[in-house]
Amino acid sequence: GNMQAQAALQRRTLNRGRCVVRASSASVSTTTAVPTYTRFGHEVVNWTYSGHKIRALKSPTKPGQPAMLLVHGFGGNADHFRKNITPLYEAGYNVYAIDLLGYGFSDKPDPRNAPPHSIYNFSNWGQQLVEFTEQVIGQKVHVVCNSVGGLAGLEAAIARPDLVQTVQLLDISLRGLHEKRTPSWQRPLVASFQRLLRETSVGEAFFGSVAQARTVKNILGQAYGRKDAVTDELVECILQPGLQPGAVRVFLDFISYSFGPLPEDLIARSPVPVGIIWGEEDPWEDVKQARQMFGPIPTVKEFVTLKGVGHCPQDEAPELVNPLVAQFCRKYDAAAA
């Protein structure tokens, strides 16, 4: 009885916010019936990675056409690509958007139960993308990433160039808080502030003040060049998963992750072509610095900047981003054929 009540409660919770979980097996070959559960009109996929539930969204798929995997940034999730999945499918791709472990509607294991940053780091997220590509997508992919998602996408390409055809980076994080970027005298200050947030109640209070519609709207209003793209729907997309149990721990763990790879090193090591798209109005990741840093790297085949656009071009200017993304992929599809 108790188990059934719990199951019913879980179902009700999942039903709220049109985000219901589908219990189909993620096998590649079977033809699936019309999906029972969708979000923003996209089919919801459930999959397990290392024992953790992962949510993804997908377009319809056609045999024989190339595939694309869309990867969100810090605090984001697959819903951040709700304006891209269908247009990219219509451009001739089987499209998937995934919630990284710890984000969106994916599970959020408590980072305090493991060594610091051993769960939430770029190589682990890269491995998640690799296994999803193998087990769910079942074909080679073009990876398209926003912000910190770019480091996960690059890690996937470096680990398995046989599975990744190209990587496109939309305003990849420059990792300004990385220890190599902060002067030595600042490091102890930064570290103690991060420890304060991670290990005391200050962090939870800080997260509590951030995880509110008004604050989220303000933060997005700052990050976005196109202010009219900051809608209530967007705020709900970011906030609803952000309020899932465990989100606060992931948030605090990540803001104290000051080591690991730098984007320029991963880009230089990429075994596949890299395309870069950047919003010129991004207040967090400076376009001039990015161009200086990444422009000269031989693996970077394209560096396109978008006027009036900020940190999340795929959501702010999908009508510009979708054709650019498809065009870049097509160039390398043709080369592969």
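All residue numbers here refer to positions counted from 1 along the written sequence of the relevant chain. Only residues with pLDDT of at least 70 get local features here, since the model is predicted, and only at 80 or more are side-chain atom pairs given and counted; chain-wide, interface and lining totals rely on the full set of residues. As a rule here, side-chain values cover all heavy atoms of the structure and leave hydrogens and water aside.

Undergrad: Sorry if this is basic, but what is going on with the overall build of the protein chain here?
TA: Counting secondary structure elements, the protein chain contains 13 helices and 9 strands. Three exposure classes are used, based on accessible area relative to the maximum for each residue type with a 1.4 Å probe and protein chains only: buried under 20%, partly exposed in between, and exposed over 50%. Taking all 337 residues of the protein chain together, the buried fraction comes to 52%. Contacts are assigned to residue pairs that have any heavy atoms within 4.5 Å of one another. Long-range pairs, those at least 24 residues apart, make up 75% of the contacts in the protein chain between residues at least 6 apart in sequence. In this text, helices come from DSSP runs of H or I with a minimum length of four residues, and strands from runs of E with a minimum of two, each type numbered from the N-terminal end.

Undergrad: What should I look at first to understand the environment of Ala191 in this one?
TA: On the secondary structure map, Ala191 appears in helix H5 (residues 187–199). The exposure class of Ala191 is partly exposed, given its relative accessible area of 31%. Each C-alpha atom, one on Ala191 and one on Tyr257, is 9.7 Å from the other, the two residues being 66 residues apart in sequence.

Undergrad: What exactly am I supposed to notice about the packing of aromatic side chains here?
TA: Any aromatic ring pair is given by two values, namely how distant the centres are and how the planes are angled relative to each other. Aromatic rings from Phe, Tyr and Trp, taking only the six-membered ring of Trp, are treated as a pair when their centres fall within 6.5 Å; an angle between ring planes under 30 degrees marks them as stacked, one over 60 as edge-to-face, and anything in between as tilted. Applying the stated criterion across every chain yields a total of 19 aromatic pairs. Taking 5.8 Å as the distance between ring centres and 55° as the angle between the ring planes, the aromatic pair formed by Phe122 and Trp125 counts as tilted. With a gap of 3 residues between them, Phe122 and Trp125 both fall in helix H3 (residues 122–137), about one helical turn apart. As far as burial versus exposure is concerned, Phe122 and Trp125 are alike and both buried. Between the aromatic rings of Phe206 and Phe251, the centroid separation amounts to 6.1 Å while the plane-to-plane angle is 35°, which identifies the pairing as tilted. A residue pair is termed long-range when its members are at least 10 positions apart, and Phe206 in helix H6 (residues 201–210) and Phe251 in helix H9 (residues 247–255) qualify at 45 residues. Here Phe206 falls in the partly exposed class, since its relative accessible area comes to 37%.

Undergrad: Can you walk me through the side chain of Asp333 in this structure?
TA: Following the sequence through the fold, Asp333 ends up in helix H13 (residues 318–336). Only four residue types enter the tally: Lys and Arg on the positive side, Asp and Glu on the negative side, with His and both chain ends excluded. In what follows, salt bridge is the name for a side-chain nitrogen of Lys or Arg lying within 4 Å of a carboxyl oxygen of Asp or Glu. Within the buried core, Asp333 has no salt-bridge partner, and the shortest N-O distance to an opposite charge, that of Arg330, equals 6.3 Å.

Undergrad: Just to check I follow, could you spell out a nonpolar patch on the surface for this structure?
TA: A patch is a set of surface residues, each over 30% in relative accessible area and not in a salt bridge, joined within 9 Å for like charges and within 5 Å for the nonpolar side chains Val, Leu, Ile, Met, Phe, Trp and Tyr. Only the protein chains shown count as cover for residues, with accessible areas throughout obtained via the Shrake-Rupley method and a probe of 1.4 Å. A surface patch of nonpolar side chains, about 250 Å² in accessible area, is lined by Phe193, Leu196 and Val202. Position of Phe193 relative to the elements: it lies in helix H5. On the accessibility criterion, Phe193 (49% relative accessible area) is partly exposed.

Undergrad: It is not clear to me how the sheet that holds strand E9 (residues 300–306) should be interpreted in this structure. Could you clarify?
TA: Through backbone hydrogen bonds, the strands of a sheet pair up, either in parallel or in antiparallel fashion. Read across the open sheet, the 9 strands follow the order E1-E2-E3-E5-E4-E6-E7-E8-E9; overall the sheet is mixed. Across the chains shown, the open sheet's two edge strands, defined by having one partner strand only, are strand E1 (38–39) and E9. By this definition, two strands are paired if DSSP reports at least two bridges between them. Two strands pair when backbone bridges link them, and strand E2 (residues 42–49) and strand E3 (residues 52–58) are joined in this way by 7 bridges, in the antiparallel orientation. Paired with Val44 across the strands is Leu57, a residue of E3. Sitting on the sheet, helix H4 (residues 149–159) touches strand E4 (67–71), strand E6 (141–146), strand E7 (164–170) and strand E8 (274–279), and the angle it makes with E7 is about 165°. Structural elements are reduced to axes, namely lines fitted to C-alpha atoms, with helices fitted over the stretch in contact, and the angle between N-to-C directions of any two is expressed from 0 to 180 degrees. Its contacts with the sheet put H13 on E4, E6, E7, E8 and E9, and the angle it makes with E7 is roughly 155°.

Undergrad: What's the story with the packing of H5 against H9 in this structure? I'm lost.
TA: The geometry of a pair of packed helices is captured by two quantities: the angle between their axes and the separation between those axes. Where H5 meets H9, the axes come as close as 9 Å, and the angle between the chain directions of the two elements is 170°. Taken together, the axis directions place H5 and H9 in an arrangement best described as roughly antiparallel. Contacts between H5 and H9 involve Gln194, Leu197 and Arg198 from the first element and Arg249, Leu252, Asp253 and Ile255 from the second. Residues are grouped as follows: Ala, Val, Leu, Ile, Met, Phe, Trp, Tyr, Cys and Pro are nonpolar; Asp, Glu, Lys and Arg are charged; all remaining types, including Gly, are polar. In terms of residue class, the contact of H5 with H9 is made up of 3 nonpolar, 1 polar and 3 charged. Geometric relationships in this document are graded by angle, where less than 35 degrees denotes roughly parallel, more than 145 denotes roughly antiparallel, 65 to 115 denotes roughly perpendicular, and other angles denote oblique.

Undergrad: Sorry, what's going on with the environment of Gly225 here?
TA: Within the element layout of this structure, Gly225 appears in the loop between helix H7 (213–223) and helix H8 (232–242). Taking the relative accessible area as the measure of exposure, Gly225 reaches 25% and is therefore partly exposed. Considered as a pair, Gly225 and Leu306 are 81 residues apart in the sequence and their alpha carbons are 10.0 Å apart. In this structure, Gly225 is in contact with Glu281, Gly308, Val309, Gly310 and Glu316, ignoring residues within four places of it in sequence.

Undergrad: Would you take a moment to explain the pattern of salt bridges for this structure?
TA: Tallied over the entire structure, the rule returns 17 salt bridges. Between Arg82 and Glu233 there is a salt bridge, and its shortest N-O distance comes to 2.6 Å. Residue Arg82 is found in the loop between E4 and helix H2 (85–90), and its partner Glu233 is found in helix H8; the two are separated by 151 residues along the sequence. Under the relative-accessibility criterion, Arg82 is labelled buried at 9%. Among the charged side chains, a salt-bridge network with shared partners connects Arg39, Arg55, Asp79, Asp99 and Glu236.

Undergrad: Looking at this model, I keep getting lost on the nonpolar core. Mind explaining?
TA: For soluble globular proteins, nonpolar side chains are generally found buried alongside one another. Definition used in this section: a nonpolar core is a set of buried Ala, Val, Leu, Ile, Met, Phe, Trp, Tyr and Cys residues joined via side-chain atoms within 4.5 Å. In terms of nonpolar packing, the biggest core is built from 52 residues, with Leu69, Trp125, Phe132, Ile276, Trp278 and Phe294 touching the most fellow members. A total of 7 residues in this core trace back to one element, the largest contributor, which is H3. Leu88, Leu170, Ile277 and Ala317 belong to the second largest nonpolar core, which has 23 residues in total.

Undergrad: What's the story with unusual backbone geometry in this structure? I'm lost.
TA: Glycine aside, residues mostly have negative phi angles, and peptide bonds mostly take the trans form. Unusually for a residue other than glycine, His117 sits at a positive phi of about 60°. Using a relative accessible area of 8% as the deciding quantity, one classes His117 as buried. The backbone of Arg175 shows a phi angle near 60°, a positive value even though the residue is not glycine. Relative to the helices and strands, Arg175 is located in the loop between E7 and H5. Looking at Arg175, the relative accessible area reads 7%, which means it is buried.

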